[in-house]
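Analysis of the macromolecular model
Given next are the chains, with one letter for each unit.
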Amino acid sequence: VVMMATSDVAARDALRATVRAVVQQCMSARLQVKPPSTEEADDAMYVEIRRGIVIYLCFLKGADSDVVQKAVKAIANVRLSFNPKTGSTGSILEIQGDILIVPQASLGGKIKGKAVQYSNAFI
């Protein structure tokens, strides 16, 4: 799900031009943040969440704190997850779910022929 939610067309276009997000709901998620020191070692580090959403996020050139606030508001309020208390869909805030944010520079890429250009990504 690519998230865009705002009533002002100009603000929506500015947000679309500076942030890209993919939101995926999950029952649980696990992300390895540090690989093991050796193949035999068991010292890898993980971040885990239970029921909630995983957000793959890329900010592009021109992103500022206003864009971050608008993106947070749009993602936090989208009615994506089933809320067992109400029997309908609700936002991640309403279901009190977990959030895992994964920086994803590849969302900032643009296909040019057979290659991908990342000139607009804010890495």
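Higher on the page you've got the structure.
Residues numbered from 1 in each chain as written. Predicted model: local features only at pLDDT ≥ 70, side-chain atom pairs only at ≥ 80, totals over all residues. Heavy atoms only, no water.

**A short note on a nonpolar patch on the surface**
Filter applied, for reference: Patches were defined on residues exceeding 30% relative accessible area and lacking a salt bridge, with like-charge contacts within 9 Å and nonpolar side-chain contacts (Val, Leu, Ile, Met, Phe, Trp, Tyr) within 5 Å. Computed with a 1.4 Å probe, the accessible areas rest on the Shrake-Rupley method; for each residue, only the protein chains presented here act as cover. Just to be clear on terms, a salt bridge is a Lys or Arg side-chain nitrogen sitting within 4 Å of an Asp or Glu carboxyl oxygen. Only DSSP runs of H or I reaching four residues or more are called helices, and only runs of E reaching two or more are called strands; each is numbered from the N terminus.
Taken together, the side chains of Val33, Met45 and Val47 make up a nonpolar region of the molecular surface, amounting to roughly 250 Å² of accessible area. For Met45, the position within the fold is in strand S3 (residues 45-49).

**Things to note about the nonpolar core**
Note the following rule: Buried residues of nine kinds, namely Ala, Val, Leu, Ile, Met, Phe, Trp, Tyr and Cys, make up a nonpolar core once their side-chain atoms join them within 4.5 Å. Partly exposed describes any residue whose relative accessible area lies between the buried limit of under 20% and the exposed limit of over 50%, with all areas from a 1.4 Å probe on protein chains only and scaled to the type maximum. Residue contacts are counted whenever heavy atoms from the two residues lie within 4.5 Å of one another.
Residues Val19, Ala21, Val23, Ile53, Ile55, Leu57, Val67, Ala71, Ile75, Leu80, Ile92 and Ile95 constitute the largest nonpolar core, which totals 12 residues. Only strand S1 (19-26), strand S4 (52-59), helix H2 (65-77) and helix H3 (92-95) provide two or more residues apiece to this core. Leaving out residues up to four positions away in the same chain, Leu57 has contacts with Val19, Arg20, Ala21, Ile101, Val102, Pro103, Gln104 and Leu107. Membership of the second largest hydrophobic core comes to six residues, among which are Cys26, Ala29, Ile49 and Val54.

**Comments concerning unusual backbone geometry**
Glycine aside, residues mostly have negative phi angles, and peptide bonds mostly take the trans form. Of note, Gln96 is a non-glycine position whose phi angle comes to about 55°, a positive value. Along the chain, the position of Gln96 falls in the loop between H3 and strand S7 (98-103). Given a relative accessible area of 66%, Gln96 falls into the exposed group.

**Focus on the sheet that holds S7**
Put simply, the test is: Two strands pair if DSSP finds at least two bridges between them. To get an axis, fit a line to the C-alpha atoms, keeping to the stretch in contact for a helix; angles then go from 0 to 180 degrees between the N-to-C directions.
Within the open sheet, the three strands sit side by side as S1-S4-S7. Their pairing is mixed. Edge positions in the sheet fall to S1 and S7, since each of these pairs with one other strand and no more. Between one strand and the next, the sheet's axes are offset by a mean angle of 20°, whatever the strand orientation.

**As for the side chain of Ser91**
Checked against the element boundaries, Ser91 lands in the loop between strand S6 (88-90) and H3. Under the relative-accessibility criterion, Ser91 is labelled buried at 3%.

**Structural notes on the pattern of salt bridges**
Applying the stated criterion to the full structure yields one salt bridge. Ionic pairing is found between Glu94 and Arg79, a salt bridge with its closest N-O pair at 3.0 Å. Pair noted here: Glu94 is in helix H3 and Arg79 is in the loop between H2 and strand S5 (81-83), with a separation of 15 residues, a long-range link. A relative accessible area of 41% means that Glu94 is categorised as partly exposed.

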